[in-house]
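Chains, contacts and geometry: an overview
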Amino acid sequence: MSTRGAWSSKLGFILAGAGSAIGLGAIWRFPYYTGDNGGAIFVFVFLIFCFFIGYPVMIAELTLGRFTQKNPVGMFNRLSGGKKLWKGIGGLCVVNGFTIFSWYSVIAGFIIGYLYKTASGAFNTQLTNEAVDSIFSTFTSNAVNVVGLHFLIVFCTGFVVYRGVKGGIEMLSKWLMPVLFFLLVVLAIRSVTLEGAGEGLRFYMYPDFSKVSGIMVLKAMGQALFSLSLGMGTMITYGSYLSKKENVPASAAWITFFEILVCILAGFVILPAVAAMGQSYAQGPDLIFKVLPSIFAAIPGGYFFGVGFFILVVIAALTSTVSILEVPVAYFVDERKWSRRKSVLFVASIAWLIGTPAALAFGASDFLTNLPGIEWSFFDIMSTVFGEASLSVGAFFIAIFTAYIWGIRKAITDIESEGNKFPIGKIWGFLLKYIAPFTIIIVFIYTVWSIFAG
Ligand code: PHE
């Protein structure tokens, strides 16, 4: 194990896990999904998925990783006795690592662009909605900007992952998460006290049950898995650097708790401000870039808050990209016996190539922005297929594998080793055996059905 690296302490692990979970999923995606999918009802369904599917699957992933001390492919291979199907599921995790890393870095690059804009004073005064829109579209239709910034993120992530587990990942998380949290609280307070914010608060807090739909439920499930970093083996890989001393369910609970907290706070920052500015909730991936500038302009010392905020979001994004890249890199290091350096270079280069068309899909290329025949952009396709659908498939198989192939009993024995307590072990087994896999399947079928039923 010593050659693979390990977490230095319990707190270090929780922070690294929370660092993986907390990122653009909470700050960028959660507010816009909530805006697109009917507000509070989405939040409600999202929370249910976090508790009843996300949390149990997280315990499963961490335990599988810790037990085998392996990356997802190695883990499936060993515990299934070399079965092709399961190795294939491990392979899906590795592919997800490449693909999610590629599009995620595009948005992280946008954050750097907005950091630069804020720092150079672009948002010092209150702008009209049209002005904010045009700043965003001018920025994203510049191919050199978006591709260059995407490269920067891929490069920085590669660098951190190359330095290895302890030196890189843990250190980044340790100091900056609390500061990010503090800034979010301040921004949320400002946002909810803006004039006209009340309607946004209502939208965010009072569920309208008539808005339940198959797509909304699927999105909520995808978001729960994505924001908790599940379904692609990140937590398997992080678990593989975890010692037997640690209490897995307790660590997983902390990670889940922090992630949910940041999601909810980000909603309080963004949605009331949307109402106050008379914008539309359903703006898709552009949402935070069009709303945040106005909050900064409306806050005393907004310049510093703005700069500080974007710096922290870049770091939060990096602690997530690092955890995504770590999955394919751990695969090449462990299974193919490549050096860490070669693995990082290879994976990062491919991800940069796949990510480039996603970066150009915000106006720089008309073709990629509006793919002919479907009203989607290349980016939307990447983020839906690999940020939602394939994570659900991954989580489904991880739950099935733990429950039916490896076995709940063995898992609980491992969780309880070295005197650790797992009082809800039975409930966990039940959720993993029956609730998680079947819910995932039902949501899939229901969505397909509701698409065809119109
Ligand atoms: N959870 C991360 C975020 O919300 C994204 C992520 C997904 C990280 C899957 C690892 C695995 O930003």
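Residues numbered from 1 in each chain as written. Predicted model: local features only at pLDDT ≥ 70, side-chain atom pairs only at ≥ 80, totals over all residues. Heavy atoms only, no water.

1. A word on the overall build of the protein
Threshold: Numbering of helices and strands starts at the N terminus; helices are DSSP runs of H or I of at least 4 residues and strands are runs of E of at least 2. With the radius of gyration taken over C-alpha atoms, the globule rule is written as 2.2 Å times the number of residues to the power 0.38. Using a 1.4 Å probe on the protein chains alone, a residue whose accessible area is under 20% of its type maximum counts as buried, one over 50% counts as exposed, and one in between counts as partly exposed. By definition in these notes, contact holds between two residues if any of their heavy atoms fall within 4.5 Å. Residue exposure ignores everything except the shown protein chains as possible cover, and the areas themselves are Shrake-Rupley values with a 1.4 Å probe. Only four residue types enter the tally: Lys and Arg on the positive side, Asp and Glu on the negative side; His and the chain ends are excluded. Each charge is placed at NZ for Lys, CZ for Arg, CG for Asp and CD for Glu.
Helices and strands together make up the secondary structure of the protein, namely 18 helices and 0 strands. Rg of the C-alpha trace for the protein: 21 Å, near the compact-globule value of 22 Å for 454 residues, within the 12% margin. With the principal axes as the frame, the protein shows a C-alpha extent of 60 × 50 × 45 Å. Within the protein, the fraction of its 454 residues that count as buried is 60%. Within the protein, residue pairs in contact and separated by at least 24 positions form 82% of the contacts whose partners lie at least 6 positions apart. Total accessible area on the protein stands at roughly 17,300 Å², and carbon and sulfur atoms take up 69% of it. Taking the 30 positively charged and 21 negatively charged side chains of the protein as two groups, their mean positions are separated by 14 Å.

2. Topic: the site of the ligand
As a reminder of what qualifies: Residues are counted as near a molecule or strand when any one of their heavy atoms sits within 4 Å of it. Counting of polar contacts relies on pairs of N or O atoms within 3.5 Å, with two restrictions inside protein: one atom must be capable of donating a hydrogen and the other of accepting it, and residues adjacent in sequence are counted only when both atoms are side-chain atoms. Polar here means any residue other than Ala, Val, Leu, Ile, Met, Phe, Trp, Tyr, Cys and Pro, which are nonpolar, and Asp, Glu, Lys and Arg, which are charged; Gly is therefore polar.
If you check the shell around the ligand, you find 14 residues, and the closest are Ala21, Gly25, Tyr104, Phe226 and Ser229. Within the backbone of Ser227, one N or O atom sits 3.2 Å away from a nitrogen atom of the ligand. Here the ligand, which alone exposes 330 Å², has 100% of that area covered by the protein. Mapped onto the shell around the ligand, the elements with two or more residues apiece are helix H1 (10-21), helix H2 (24-36), helix H10 (214-227) and helix H14 (302-335). Looking at the shell around the ligand, the element that brings in the most residues is H14, giving 3 residues. Considered class by class, the residues forming the shell around the ligand number 6 nonpolar, 8 polar and no charged.

3. With respect to the environment of Cys263
Structurally, Cys263 can be placed in helix H12 (residues 248-276). Once the C-alpha coordinates of Cys263 and Trp28 are considered, the two residues, 235 residues apart in sequence, prove to be 9.1 Å apart. When sequence neighbours within four positions are dropped, the list of residues in contact with Cys263 reads Ala26, Phe30, Phe46, Tyr204 and Ser227.

4. Things to note about helix H4 (residues 72-80)
The element H4 is extensively covered by neighbouring structure, given that 7 of its 9 residues are classed as buried. By the burial criterion, the buried members of H4 are Pro72, Val73, Gly74, Met75, Phe76, Leu79 and Ser80. Looking at the buried side of H4, the elements it contacts are helix H3 (40-68), helix H5 (84-119), helix H11 (234-239), H14 and helix H17 (378-415). Immediately downstream of H4, the backbone of Gly81 shows phi near 70°, a positive value.

5. Topic: unusual backbone geometry
With phi around 60°, Ser229 is a residue other than glycine that occupies positive phi space. Considering the arrangement of structural elements, one finds Ser229 in the loop between H10 and H11. Ser229 sits in the buried class, given a relative accessible area of 9%. Backbone geometry places Glu418, a non-glycine residue, at a positive phi of 55°. Mapped onto the fold, Glu418 is located in the loop between H17 and helix H18 (425-452). On the basis of relative accessibility, which here comes to 56%, the residue Glu418 falls in the exposed class.

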